[in-house]
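Coordinates in review
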Amino acid sequence: MKVDHPQAVNEAPIEFSAQTMTEIQRVMGLFPEGKKKSAILSILHLVQDEFGWVSVGAMNKVALLLNIQPIEVYEVATFYTMFHLDPVGKNVLEVCRTGPCQLVGSDDLIAYIEEKLDIKVGETTKDGLFTLKTVECLGACGYGPMLMCKYQFYERLTKEKVNEMLDAMREASKS
Amino acid sequence: MARKLLIEHAEVPEIASYDIYRMHGGYASVEKALKTMSPEEVVEEVKKSGLRGRGGAGFPTGMKWSFLAKPEGVERHLVCNADESEPGTFKDRYLMEKLPHLLIEGMITSSYALGARRSYIYIRGEFMYVLRILEKAIAEAYANGMLGKNILGSGYDLDLVVTPGGGAYICGEETALLESLEGKRGNPRMKPPFPAVKGLWGNPTVVNNVESIAAVVPIVNEGGEAYAKIGIERSTGTKLISASGNLVRPGVYEIELGLSVEEFIYGDDYCRGIANGKQLKACIPGGSSVPILPHYLVTKTAAGTDRLMTYESLADGGFASGSMLGSGGFIVFDEDQCIVKNTWNFARFYAHESCGQCSPCREGTGWMEKVLYRLEHGQGTLEDISLLEEINKKIEGNTICPLGDAAAWPVAAAIRHFREEFEWHVKAPQEAQKRNFGLISAPIEA
Ligand SMILES: Cc1cc2nc3c(=O)[nH]c(=O)nc-3n(C[C@H](O)[C@H](O)[C@H](O)COP(=O)(O)O)c2cc1C
Ligand code: SF4
Ligand code: FES
């Protein structure tokens, strides 16, 4: 994890797009004066939406915006599993591996995607299009096996549905 | 057909919009409460209803509300727990996605009862699309004068905000949730002080599950007594059950408490039996944190009476032969499932989700995961089984929050009921890699 680097706090903050900045102002506005830190998870989601992952430079910028110490942002970003602290592929496939999904075939689903994309869990395809991860229960247990990508749920997955999904994602990434 | 108090209109087209929701009787509880009742009267109705927290612990909601401290000049808050991350549980998502205004209506009526003027919905980050649905509905509620200043001319003001988590099961625990809502890591707090005294930003706070808050709507509309007439004993009203695993028709069902487990699993209105013509092997009736039941204890109690979907009946027999209603995450296993594998899977979940604050939980969950991995992969010994029982005892009751117990109890229950299957993994490791153990038989002396 990059935040282990002793120079982390000195890494230059990066700039966010105007759209991200507007959204950050909006979510900070949801909390009373003096409690703006409550917006930190919303902000980290916005940052990840823009860049695909959360870099040290981005966290340093968040610290400036919230007027808190960089370590307070690292602490939070490392605790919550949704934030990618290293670069990832354009589409991060997060497959649920927990009990109820496992009962209806998540092991096979993971193996099938590994085979189709020729990567193992945790890896990214050479073309940078896909990263495969496993996650714990996503609250869709009755509709498994399932995965999430870009906050979208793909449920009751079969091989055919996975093929269609991957094709659609490849197509969307061309534009 | 059983009465539905929460999700009756869930499939009405565009019911997520304010106007359509209103056409179907929506926001009547806000009008009734704000115009004709005092906050204390609303609390009184909730007490009469017998409603118990739908998030898992089953604590009476009215009583919880009456514990809220009310010091002069200090703000109070209602926080809705929409973290929904207990494996097997996916009911709140359904409710919020289909009926966002039902939750908002419940938040307004409940906030009024508690005297909260700034309330929050904390929703797990993975449900970002549901958060967008709620944001839109909240904006509609503001536009129609149901939120903001002087709601319906009553002089009552309320601001409501929905905000996401970031992927951490522990943030469903109420004090971890409050930490997270303050923008910190989700480490549970020491109790006391309880949130009712010192909660969000140190202010008195009530944390309630989505479904508990939604249930306040029919309670206020129909009265607490009418609500309490549904159900059996101290299990009143209706409950959302999310059914998963090897069922013909998994999904979210609203049941009247008191329905038989038999009817729920096999009935035409519910899950319609085990998928692919297989047999029932086991069931975890209340989310991954509650004890597993072997097939012969699912529809009947050890005493031979029908098992019912109530807090009391599911717990009948205690930990020896019962389980818990918990969050209503009803997980069903068919005869082909391996209990050792599943126990390992859940142990891995808890090891992954332990916040790491207390050593019995941090070390214990990791240990259990390793030992269960060995057993599942044919590398275990008989001592490993007793080792698991020892680790369990070290965790139980020795941690800051209940996650430790939630990790330990299910392992203890699995060994208690399926010891033969665990031992088989040790005695015939090669065979155990190739086939499943199948059904276990009921003890002759049940
Ligand atoms: C580890 C852990 C996870 C929990 N997860 C949830 C959850 O996802 N949703 C929920 O409503 N309650 C959850 N709870 C229970 C809450 O701490 C709390 O009891 C509940 O939100 C209170 O609401 P209720 O009284 O309306 O049920 C969890 C508890 C623990 C110990
Ligand atoms: S019991 Fe586990 S999850 Fe709960 S506070 Fe302790 S370490 Fe954290
Ligand atoms: S177990 Fe996969 S979504 Fe719950």
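These numbers were taken from a predicted model, which means no experiment stands behind them.

Here's the deal with the site of ligand 1
Residue and element names in this part refer to chain B. Among the 17 residues in the neighbourhood of ligand 1, the closest are listed as Gly55, Asn81, Asn208, Asn209 and Ser212. A distance of 3.0 Å is found between an oxygen atom of ligand 1 and a backbone nitrogen or oxygen belonging to Glu174. Separating an oxygen atom of ligand 1 from a side-chain N or O atom of Asn208 is a distance of 2.8 Å. The fraction of the free accessible surface of ligand 1 (610 Å²) that becomes covered by protein chains is 90%. It is strand S4 (residues 205–209) that contributes the most residues to the shell around ligand 1, three residues altogether.

Things to note about helix H17 (residues 403–427) of chain B
The periodicity of an α-helix, 3.6 residues per turn, causes residues three or four positions apart to be oriented the same way. At Phe418 of chain B, H17 of chain B shows its strongest bend, of approximately 90°. Most of H17 of chain B sits inside the fold, with 18 of its 25 residues counted as buried.

Quick look at the sheet that holds strand S4 (residues 152–154) of chain A
Residues and elements named next belong to chain A. Pairing within the open sheet is mixed, and its four strands lie in the order S2-S1-S3-S4. Looking at strand neighbours, the two that pair on one side only are strand S2 (130–135) and S4, the edges of this open sheet. For this sheet, the mean angle separating the axes of adjacent strands, direction not counted, is 25°. Against the sheet, helix H6 (residues 106–117) makes contact with strand S1 (91–96), S2 and strand S3 (147–149), and its axis sits at roughly 155° relative to S1, the strand it touches most.

Quick look at the packing of helix H1 (residues 18–29) of chain A against helix H2 (residues 40–51) of chain A
Residues and elements named next belong to chain A. Between H1 and H2, the shortest axis-to-axis distance is 10 Å and the interhelical angle comes to 165°. The orientation of H1 relative to H2 falls into the category roughly antiparallel. Of the two elements, H1 crosses H2, and the hand of that crossing is right-handed. Counted together, Thr20, Glu23, Ile24, Val27 and Met28 of H1 and Ser42, Ile43, Leu46 and Glu50 of H2 form the full contact between these two elements.

Thoughts on the pattern of salt bridges
All names here are of chain B. Overall, the coordinates contain 42 salt bridges over all chains when judged by the stated rule. A salt bridge links Arg435 to Glu431; its shortest N-O distance comes to 2.8 Å. Residue class for Arg435 comes out partly exposed when judged on its relative accessible area of 41%. When its relative accessible area of 35% is taken as the criterion, Glu431 is described as partly exposed. Counted as one network, the salt bridges with shared partners bring together Arg54, Lys91, Asp92, Glu211 and Lys239.

Concerning the sheet that holds strand S7 (residues 238–245) of chain B
All names here are of chain B. Pairing within the open sheet is mixed, and its five strands lie in the order S8-S7-S11-S9-S10. Two strands close off the open sheet at either side, each with one partner strand: strand S8 (251–256) and strand S10 (293–294). Note that S7 and strand S11 (residues 329–334) share four bridges and pair parallel. Along S11, the bridge assignment pairs Ala243 with Phe330. Packed on one face of the sheet, helix H14 (residues 339–353) meets strand S9 (280–284) and S11 and runs near 20° to S9.

Topic: the site of ligand 2
With respect to spatial proximity, 13 residues lie near ligand 2, and among them Cys355, Gln357, Cys358, Cys361 and Cys401 of chain B are the closest. Looking at the shell around ligand 2, its residues break down into eight nonpolar, five polar and no charged.

Examining the confidence of the model for chain B
When the pLDDT values of chain B are averaged, the result is 96; 99% of them are 70 or greater. Across the interface, the model reports ipTM at 0.97; the global pTM reads 0.97.

Notes on the pairing of S11 of chain B
Residues and elements named next belong to chain B. Buried residues dominate S11, accounting for six of its six residues. Alternating residues of S11 divide into Gly329, Ile331 and Phe333 and Phe330, Val332 and Asp334, and every residue in both groups is buried. Direction of pairing for S9 relative to S11: antiparallel, over a ladder of four bridges. Within the sheet, the bridge partner assigned to Cys283 lies in S11 and is Val332.

Rules used in this analysis
Residues numbered from 1 in each chain as written. Chains lettered and ligands numbered in written order. Predicted model: local features only at pLDDT ≥ 70, side-chain atom pairs only at ≥ 80, totals over all residues. Heavy atoms only, no water. Near = heavy atom within 4 Å. Polar contact = N/O pair within 3.5 Å; in protein donor to acceptor, adjacent residues only side chain to side chain. Areas by Shrake-Rupley, 256 points an atom, 1.4 Å probe, with all protein chains shown as cover. Helix = DSSP H or I, 4+ residues; strand = E, 2+ residues; numbered from the N terminus. Bend = angle between axes of the 7 residues up to and from the residue. Buried < 20%, exposed > 50% of the residue type's maximum accessible area, 1.4 Å probe, protein only. Pairing = 2+ DSSP bridges. Axes fitted to C-alpha atoms, helices over the stretch in contact; angles between N-to-C directions. Contact = heavy atoms within 4.5 Å. Parallel < 35°, antiparallel > 145°, perpendicular 65-115°, else oblique. Left-handed = near helix turned anticlockwise from the far one by under 90°. Salt bridge = Lys/Arg side-chain N within 4 Å of Asp/Glu carboxyl O. Nonpolar A, V, L, I, M, F, W, Y, C, P; charged D, E, K, R; others polar. pLDDT = per-residue confidence, 0-100.

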